[in-house]
Amino acid sequence: MRVVLSGRFVRWHCLPWQPDIAQPDEQLAYASLRFRETFGGVAEDWQLALSPQPPGQSVVACAVDGALIDALNTTCKNSGARLDRVSPYFACAYDHWRRVIGRKESWFGLIESECVSLGLLRNGHWMGLRTQRVNAHWHDVVRGLMAQIGISAGISDPALPLYLVGDGEPPAPTDGLAFTWLQPKALVQPALLGGRMAIGE
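Residues numbered from 1 in each chain as written. Predicted model: local features only at pLDDT ≥ 70, side-chain atom pairs only at ≥ 80, totals over all residues. Heavy atoms only, no water.

Novice: Which residues make up the pattern of salt bridges, and what values go with them?
Specialist: With the rule as written, the count across this model stands at 7 salt bridges. Glutamate 37 serves as the salt-bridge partner of arginine 34, at 3.7 Å between the closest nitrogen and oxygen. Here arginine 34 and its partner glutamate 37 are both found in helix α1 (residues 24-39), 3 residues apart, which amounts to about one turn of the helix. In this structure, the salt-bridge partner of arginine 82 is aspartate 84, at a minimum N-O distance of 3.4 Å. (Salt bridge = Lys/Arg side-chain N within 4 Å of Asp/Glu carboxyl O. Helix = DSSP H or I, 4+ residues; strand = E, 2+ residues; numbered from the N terminus.)

Novice: Which residues make up the packing of aromatic side chains, and what values go with them?
Specialist: Applying the stated criterion across every chain, the model contains 9 aromatic pairs. An angle of 25 degrees between the planes, with centres 6.1 Å apart, marks the rings of phenylalanine 35 and phenylalanine 39 as stacked. With phenylalanine 35 and phenylalanine 39 both in helix α1, this residue pair falls 4 residues apart, about one helical turn. Ring pairing ties together the aromatic residues Trp12, Phe90, Tyr94, Phe108 and Trp126, which thus form one cluster. (Phe/Tyr/Trp six-rings, centres within 6.5 Å; stacked < 30°, edge-to-face > 60°.)

Novice: Describe the side chain of serine 117, naming the residues involved and giving the relevant values.
Specialist: Within the secondary structure, serine 117 is located in strand β7 (residues 115-122). Separated by 2.8 Å, the side chains of serine 117 and threonine 131 make a polar contact. Among residues more than four places away in sequence, those in contact with serine 117 are Gly7, Phe90, Phe108, Gly109, Leu110, Arg130 and Thr131. (Polar contact = N/O pair within 3.5 Å; in protein donor to acceptor, adjacent residues only side chain to side chain. Contact = heavy atoms within 4.5 Å.)

Novice: Go over unusual backbone geometry, please, and point to the residues and values.
Specialist: Positive phi, normally seen in glycine, also occurs at asparagine 123, with a value near 55 degrees. The partly exposed category is assigned to asparagine 123, whose relative accessible area is 44%. (Buried < 20%, exposed > 50% of the residue type's maximum accessible area, 1.4 Å probe, protein only.)

Novice: How would you summarise the nonpolar core if you had to cite specific residues and measurements?
Specialist: Counting residues in each nonpolar core, the largest one holds 29 residues, and the members touching the most others are Trp12, Phe108 and Trp126. For this core, the secondary structure elements donating two or more residues are β1 (2-5), β2 (11-15), β4 (59-65), α2 (66-78), α3 (89-101), β6 (106-111), β8 (125-133) and β9 (162-166). Looking at this core element by element, the count peaks at 7 residues for α3. With 18 residues, the next largest nonpolar core counts Leu118, Leu120, Leu160 and Leu164 among its residues. (Core = buried A, V, L, I, M, F, W, Y, C linked by side-chain atoms within 4.5 Å.)

Novice: An account of the sheet that holds strand β3 (residues 46-50) is requested, with residue identities and associated values reported.
Specialist: Ordered in space as β2-β4-β3, the 3 strands form an open sheet in which the pairing is antiparallel. Looking at the sheet topology across the chains shown, the edges are occupied by β2 and β3. Between one strand axis and the next, the sheet turns through 25 degrees on average, direction left out of account. Judged from the 5 bridges that link them, β2 and β4 form a sheet pairing that is antiparallel. In the strand pairing of β4, tryptophan 12 is matched with cysteine 62. (Pairing = 2+ DSSP bridges. Axes fitted to C-alpha atoms, helices over the stretch in contact; angles between N-to-C directions.)

Novice: So what about the side chain of histidine 125? Which residues, and what values?
Specialist: Mapped onto the secondary structure, histidine 125 falls in strand β8. Given the relative accessible area of 13%, histidine 125 is considered buried. Discounting chain neighbours no more than four positions away, the residues touching histidine 125 are Gln53, Pro54, Gln57, Arg103 and Leu120.

The quantities given are spatial measurements derived from coordinates; they are silent on function.
See below:
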């Protein structure tokens, strides 16, 4: 069985390149420290995965509650199945559309019913990536995330292209937020399984 997780079950960090941290166990330890600094003691039980990046580039780390992975493994075992892969929906969606987006500087976002995930790309590398629950209109959440990520990454250009994917039909255009809707979720999901940022086996 392969499982694609909603953004509300996944946390992200873009880790600055550290030339003195080269071994996989050292990178995981560094990522774990950053998650604990950001989210507190609850992050100690999270299972982490790092996306491979070339030297000199920031490393994307994702985290999922270890109890969720354990529950998925138990459910599969009790059903006579094997849990082959657990993948974040955001990572799978980006892997599906990365050739369309190319290497230009741009935003890529995933709109779900309960959360929004948004990342900033430059030359095909992530400069920042965050997920936030939707308590208001998703347009407002996207604008807020763009401001937060842009400040952290030192980006102030409001004209960068914004690519979105997500649940249901393409949303109606909105004033002040130009975007390209790539595909409704129902049409994309069969191609999502097996994303490069898979975690757990």
